[in-house]
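As a plain string of letters, each chain reads:
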Amino acid sequence: MQHEISRLRQVFREGRAELFVPAARTAPCRELMERHAALIDGLVGEIYRVSGEFADEKAARGAHSGLGIAATGGYGRKELSPFSDVDIAFIPSEEQDAWVEAAVHAAFKLVMDVFLTFREVHVGYSFRPISDLPTWDLPTKASLLDARHLCGDRRLTGRLQEQLRWSLSPLDLMLEIQQLEEREERGADAALYSVEPHLKEGNGSLRDLHRARWIYKLLLGVEENDLLPELEHRGLMSSSRIAEINSAAEWFWRARNWLHLTAGKRSDVLINNYQDKIASELGGVSAQEWLSQHFAHAETLALFRAAALRDALAGPMDLGGLQLENGYLFRRRIHARPDPGRAVKLLHFSQRYNIPVGLVDLQDLETSRATALQVTEPAGDEAWAFLGILREGRQVAATLRELVRYGLMNRFIDDFSQVM
């Protein structure tokens, strides 16, 4: 195996040297990123081959033995700048499988020995059994939305994508954006028009492009390559607007590639020291004029994110007995009336996602108070919704007061209405 490690290191070193020559600073950005991703793809394919051969010597493959390997994040999108993180997911068929364990162990060792000896390159690798999906946090799930199958069992990558789309709601991404905006408002680098722009994170950055894509992919049920054409086809975005988004993305990718190569490391903040140089090399203009163009593209990406949020709120979106439409939450109708069994979930979702309850449902909650007071035991899903209310980080007291107002607390605390 040591011979293979030395060979793959050499391929990686020579491949990067060929790609990232001085002229690459002004090369077409998309081609450079895709060639970089293709270089890593080839190495990961070789790692899988060698790992499989090693595992074959250790254990026999069972009928269900399988391992899928996928690129995630920017690597999955083939948007791999010179010093971008390279994220790889290993997707096993079964955790308790001797062949899979041997293959994963060998692959992890090869990834470390081949990639991690290059200090300027950060490669992240993760073990992602599909059965663990409910325990993953939102950033992990979002990065896996961009998963691209590399090698091994393609069915496992496909199954992961299917389960991921089933478990992840556009509202979860919307909530993350809201929380991020709240944090950014308290920070010094929150401004879209920062004097030292952050190309990857923050308001009007590549992250806005990613979040808008993720929301629309979940809303429309389409893959990355079909996303923008589908937005135009459905009348959600004009062709001229889509052209502006593509132009803004190209602008940011080109600037980020330039900055990585100029700094000789991962660097995503365009500090003052680089602004005259990037303006001259990429635009042949002054720094002030280049920044003016940059901020126009940043506005385009920020507006793309805002459009995705607006379209998510517009719905219609089924939320398991609830409906989101035109910015309001409603309960499913039973005999032309809102389902009383979804009242607690309705208030929980309103609290969690900061979305108001529709007027008809509010009126029904008021008129149904006397009936609600007679219920002394919660249904199973009501108990989970109540726990969800208590676990949220905001508006807990306000939501509990709403439960009291609508006579819903008796089912959680005996005789609460008599005490209060």
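The structure presented is a predicted model; accordingly, all values stated were derived computationally and were not measured.

**Some details on the overall build of the protein**
When you go through the protein residue by residue, the secondary structure sums to 18 helices and nine strands. Seen through its principal axes, the protein has C-alpha atoms that stretch 75 × 65 × 40 Å. Considering only contacts within the protein whose residues lie at least 6 apart along the sequence, 70% involve residues at least 24 apart. For the protein, the accessible area works out to roughly 20,200 Å², and carbon and sulfur atoms hold 50% of it. Distance between charge centroids for the protein: 1 Å, based on 50 positive and 60 negative side chains.

**A short note on the side chain of N410**
Position of N410 relative to the elements: it lies in the loop between α17 (396–405) and α18 (416–419). On the basis of relative accessible area, N410 is assigned to the buried category, the value being 9%. In terms of polar contacts, N410 uses its side chain to reach the backbone carbonyl oxygen of L373, at 3.3 Å.

**Some remarks on the nonpolar core**
One finds W290 and F304 to be the most contacted residues of the largest nonpolar core, which totals 87 residues. Top contributing element to this core by residue count: helix α12 (residues 287–314), with 12 residues. Apart from the residues within four sequence positions on either side, F304 is in contact with L209, A212, R213, Y216, L228, L231, M237 and I245. If you look at the next biggest cluster of nonpolar residues, it comprises 40 residues, including L32, L39, A107 and F118.

**Here we look at the sheet that holds strand β1 (residues 67–72)**
The strand order across the open sheet built from four strands is β3-β2-β1-β4, with neighbouring strands paired in mixed fashion. Of all the strands in the sheet, the pair left with one neighbour each is β3 (123–127) and β4 (148–152). Within the sheet, the average angular offset between the axes of one strand and its neighbour, ignoring direction, is 25 degrees. Two elements, β1 and β4, share four bridges in a ladder whose sense is antiparallel. The residue bridging G68 from the neighbouring strand is G152, located in β4. Helix α2 (residues 29–58) contacts β1, β2 (86–92) and β4 of the sheet and is inclined by roughly 30 degrees relative to β4. Docked against the sheet, helix α6 (residues 154–167) engages β1, β2 and β4, running at close to 100 degrees with respect to β2.

**Brief notes about the pattern of salt bridges**
Under the criterion given, the structure shown has 38 salt bridges. Here R234 makes a salt bridge to E230, at a shortest N to O gap of 2.7 Å.

**Things to note about the environment of V100**
Counting through the fold element by element, V100 comes out in helix α4 (residues 98–115). Once you skip the residues sitting within four places of it in the chain, V100 turns out to touch S65, G66, P92, S93 and E94.

**Details of the environment of R337**
Along the polypeptide, R337 turns up in strand β9 (residues 337–338). Between the C-alpha atom of R337 and that of H233, which follows or precedes it by 104 residues, the distance is 36 Å. Not counting residues up to four positions away in its chain, the partners in contact with R337 are R332, D364 and S368. A distance of 2.5 Å separates the side chain of R337 from the side chain of D364, its partner in a polar contact. Within polar-contact distance, the side chain of R337 engages the side chain of S368 at 3.0 Å.

**Some points on the pairing of β2**
In terms of burial, β2 is a largely internal element, six of the seven residues being buried. By the bridge criterion, six bridges tie β1 to β2 in an arrangement that is antiparallel. Each bridged residue has a counterpart across the sheet, and for G68 the counterpart in β2 is I91.

**Looking at the sheet that holds strand β6 (residues 322–325)**
The sheet built from three strands is open, its strands ordered β5-β6-β7 with antiparallel pairing. Two strands lie at the open edges of the sheet, namely β5 (317–318) and β7 (328–331), each paired on one side alone. The pairing of β6 with β7 spans four bridges and is antiparallel. Residue Q323 lies in a different strand from β7, and its bridge partner there is F330.

**Points about the packing of aromatic side chains**
Throughout the structure, instances matching the rule amount to 10 aromatic pairs. Seen in terms of ring centroids, F12 and F118 are 4.9 Å apart; in terms of plane orientation they differ by 80 degrees. Their pairing is edge-to-face. Here F12 is found in helix α1 (residues 2–19), whereas its partner F118 is found in the loop between α4 and β3, with 106 residues between them in sequence. Taking the relative accessible area as the measure of exposure, F12 reaches 0% and is therefore buried. Three or more aromatic residues joined by ring pairs form one cluster here, namely F12, F115 and F118. Above the ring of W253, the side-chain terminus of R30 is found at 4.8 Å from the ring centroid. In this arrangement the basic side chain of R128 is found over the ring face of W136, its NZ or CZ atom lying 5.3 Å from the centre.

Here is what the cut-offs are and how they apply
- Residues numbered from 1 in each chain as written.
- Predicted model: local features only at pLDDT ≥ 70, side-chain atom pairs only at ≥ 80, totals over all residues.
- Heavy atoms only, no water.
- Helix = DSSP H or I, 4+ residues; strand = E, 2+ residues; numbered from the N terminus.
- Contact = heavy atoms within 4.5 Å.
- Areas by Shrake-Rupley, 256 points an atom, 1.4 Å probe, with all protein chains shown as cover.
- Lys, Arg positive; Asp, Glu negative; His and termini not counted.
- Charge placed at Lys NZ, Arg CZ, Asp CG, Glu CD.
- Buried < 20%, exposed > 50% of the residue type's maximum accessible area, 1.4 Å probe, protein only.
- Polar contact = N/O pair within 3.5 Å; in protein donor to acceptor, adjacent residues only side chain to side chain.
- Core = buried A, V, L, I, M, F, W, Y, C linked by side-chain atoms within 4.5 Å.
- Pairing = 2+ DSSP bridges.
- Axes fitted to C-alpha atoms, helices over the stretch in contact; angles between N-to-C directions.
- Salt bridge = Lys/Arg side-chain N within 4 Å of Asp/Glu carboxyl O.
- Phe/Tyr/Trp six-rings, centres within 6.5 Å; stacked < 30°, edge-to-face > 60°.
- Lys NZ or Arg CZ within 6 Å of the ring centre and 35° of its normal.

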